[in-house]
Amino acid sequence: MKKIIGIVGSGSKGSTNEKLIKVIKENYQEKFDIDILFPKDWPVFDKNFEKDLPNSVLAAAKAIETADGVIISAAEYDHSIAAVLSNALAWLSFTHYPLVNKPVLTMGTSYGRLGSSRAQTHLHQALQAPQIHAAVMPGEAFLLSYALQDFDDQGRLVDNEYKARLDDLMIRFDDFIQWNNNLDQEKNAAKQRAHKYDLDYTFNKEVDA
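Thresholds applied
Residues numbered from 1 in each chain as written. Predicted model: local features only at pLDDT ≥ 70, side-chain atom pairs only at ≥ 80, totals over all residues. Heavy atoms only, no water. Helix = DSSP H or I, 4+ residues; strand = E, 2+ residues; numbered from the N terminus. Polar contact = N/O pair within 3.5 Å; in protein donor to acceptor, adjacent residues only side chain to side chain. Phe/Tyr/Trp six-rings, centres within 6.5 Å; stacked < 30°, edge-to-face > 60°. Buried < 20%, exposed > 50% of the residue type's maximum accessible area, 1.4 Å probe, protein only.

Looking at an unreviewed UniProt entry, the chain carries the name NAD(P)H-dependent oxidoreductase, with the source organism given as Aerococcus kribbianus.

This is how it looks when you write it as structure tokens:
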């Protein structure tokens, strides 16, 4: 079973982005073990000279480091991501770098038709920053439009089309995590081969001399 960290990219209490992450945690628990982080509870980013991380941020960074993948559900404010998510990414690219090469799936909800599509553009740009450098799953993000109508009183998705799209997306994310793991293993193997060739070359050069 793959370990996944879900990040709620909204500062609103009971937000639809939080509901979406909880739907994923509930519906796919046979394949994914999902823990949810709430960056709205983190302090404001402080680039201190001591390079200390608050305990809540340090615990989150360690959880992400050991996870197989990350899901970020981002709200959209003023055509961009919420301040709490921007703050979280600032912390997660300072001193510890848990998102480097980490498989990440992005999604988002909105009360209107666009489903946080403009925020997704900014989120993807941020995730490619040198000190974040996440392995973002390519393709269309899962965008939930008119989100106030999309959940019932128990927080479950009610639209069958969205359910089917989410099913397909989670299958592809599972495959993407495995592909990324295989790629990392090949990178590590290639580094070891390169190191071995370098040692062989050095050894043979000394013998020839």
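What follows deals with the environment of Asp152. Relative to the helices and strands, Asp152 is located in the loop between β8 (142-144) and α5 (160-208). For the pair Asp152 and Pro39, spaced 113 residues apart in the sequence, the C-alpha separation amounts to 25 Å. There is a polar contact of 2.9 Å between the side chain of Asp152 and the backbone nitrogen of Gln154.

On to the packing of aromatic side chains, then. Each aromatic ring pair is specified by the distance between its two centres and by the angle formed by the two planes. Evaluation of the coordinates by the stated rule reveals five aromatic pairs. On the basis of an interplanar angle of 25 degrees and a centroid distance of 5.9 Å, the ring pair of Phe176 and Trp179 is categorised as stacked. Of the two residues, Phe176 and Trp179 both sit in helix α5, three residues apart, roughly one turn of that helix. Assessed through its relative accessible area of 11%, Phe176 is described here as buried. For Trp179, a relative accessible area of 48% puts it in the partly exposed group.

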